[in-house]
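In case you want the letters, here they are:
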Amino acid sequence: MDKMAVAVLFGGRSSEHSISSATAGGVLRAIDRERFDVIPIGITRDGAFILEDDDPDKFALAPGHLPEVSDNDTRIIWPDSACSREIKVADADGVRSLGDIDVVFPILHGRFGEDGTIQGFLELLDLPYVGAGLLMSAIGMDKHTTKSILRSAGVPVVPWVTVTQRGLGRDRELWERRIRALGLPVFVKPARAGSSVGVSKVSDWSELDAALATAFAEDRTVLVEQAVTGREVECGVLAGRDGGAPRVSVAGEIVITGRDFYDFDAKYQGAAGIDLVCPADLGDGELAEMQRIAARAFEAVGGEGLARVDFFFTGTEFFVNEVNTMPGFTPISMFPTCWIASGMTYEELLSELIDLADVR
């Protein structure tokens, strides 16, 4: 059987460049080499597409080290029309073909990759790709839009206020009144960023201005969310096969023991104060309800590819916090951990995602 050629895209222009690179390291290490030929394509912080090294160790995540795609003076040349799937590379020796690609695996987090931009580019070229399509990616990237759609679909979400710098400038008293109506504490986060970048917890209103400034440094639109007292639980979702229902993993739980919240350092640098438990200790009925809501949320925003659905569980009710359309695949990430606990290996999970892309 001929191998499928898979172009793995990672890095990118967003603030989550290094997390994307670390995720790629995990994928490069685990992907089934008997089924797939891999073409690693890095995107520098400046947006240059380069031919990267097929070396998982180069992109390994370690305490104090965040991997990077550095410009090596190669340039990927994409197909010149939808009639071709051939990609080429230009370097100091000239231009050479890398062959036809069967599917693109865009492991890109944040803006300019997870938000529909790269998906639109690939659709223009008629190249199959892993994960959510253009619209679902755009919806999932914008927290305000996601929450609005989920609420319209009857999915319980945490109360929030969305504010812009322009709105604050026009009538700060009005917006502060709306924000304060949420009560303390609140979480302030950019509308279009992930990996807890730009997120702050506000326990006193004197901290609000600094939190808004941190979030506005990432995006011109910011959400202020009411804090929910409860457990933080998550599950992975995969699109169904042949028109079937979405498949939902067991639940994982983030247990906070010594931090304010599950921040960037805890997610990716192994900082103390957080325990990840999978499977989470939920009753059969509780797990079934969580999985039902996760599937409904997944379908409400588009129902393609994959997602990680994050919840707050009060003990009686599940509130959807976020729907992540390209969750991390680092060794300590929850999405693969939940599927492994559900009986699927890391290698099988990657193969399933690629197969879903091939049949879309």
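Preceding block: the structure.
Keep in mind the model is a prediction, meaning the values are calculated, not measured.

K.L.:
Can you walk me through the overall build of the chain in this structure?
P.N.:
Each helix and strand in the chain was counted, giving eleven helices and 16 strands. Here the C-alpha atoms of the chain give a radius of gyration of 20 Å, agreeing with the 21 Å that 2.2 N^0.38 yields for 360 residues. With the C-alpha coordinates of the chain rotated into their principal frame, the extents come out at 60 × 50 × 40 Å. The buried share among the 360 residues of the chain stands at 55%. In the chain, the proportion of contacts linking residues at least 24 apart, taken out of those at least 6 apart, comes to 64%.

K.L.:
Would you mind going over the nonpolar core with me for this structure?
P.N.:
Generally speaking, nonpolar side chains in soluble globular proteins are found buried as a group. Leu-150, Met-290, Val-309, Phe-311, Val-320 and Val-323 are the most contacted members of the largest nonpolar core, which totals 32 residues. Elements supplying a minimum of two residues to this core: α3 (134–141), β12 (231–238), β13 (247–256), α9 (284–300), β15 (306–313) and β16 (318–324). The element best represented in this core is α9, accounting for six residues. Excluding anything up to four places from it in sequence, Val-323 contacts Gly-140, Thr-146, Leu-150, Ala-297, Val-301, Ala-307, Arg-308 and Val-309. The next biggest cluster of nonpolar side chains, apart from the first, holds 31 residues, and it includes Val-103, Met-326, Phe-335 and Ala-357.

Conventions we followed
Residues numbered from 1 in each chain as written. Predicted model: local features only at pLDDT ≥ 70, side-chain atom pairs only at ≥ 80, totals over all residues. Heavy atoms only, no water. Helix = DSSP H or I, 4+ residues; strand = E, 2+ residues; numbered from the N terminus. Rg over C-alpha atoms; globule rule 2.2 N^0.38 Å. Buried < 20%, exposed > 50% of the residue type's maximum accessible area, 1.4 Å probe, protein only. Contact = heavy atoms within 4.5 Å. Core = buried A, V, L, I, M, F, W, Y, C linked by side-chain atoms within 4.5 Å.

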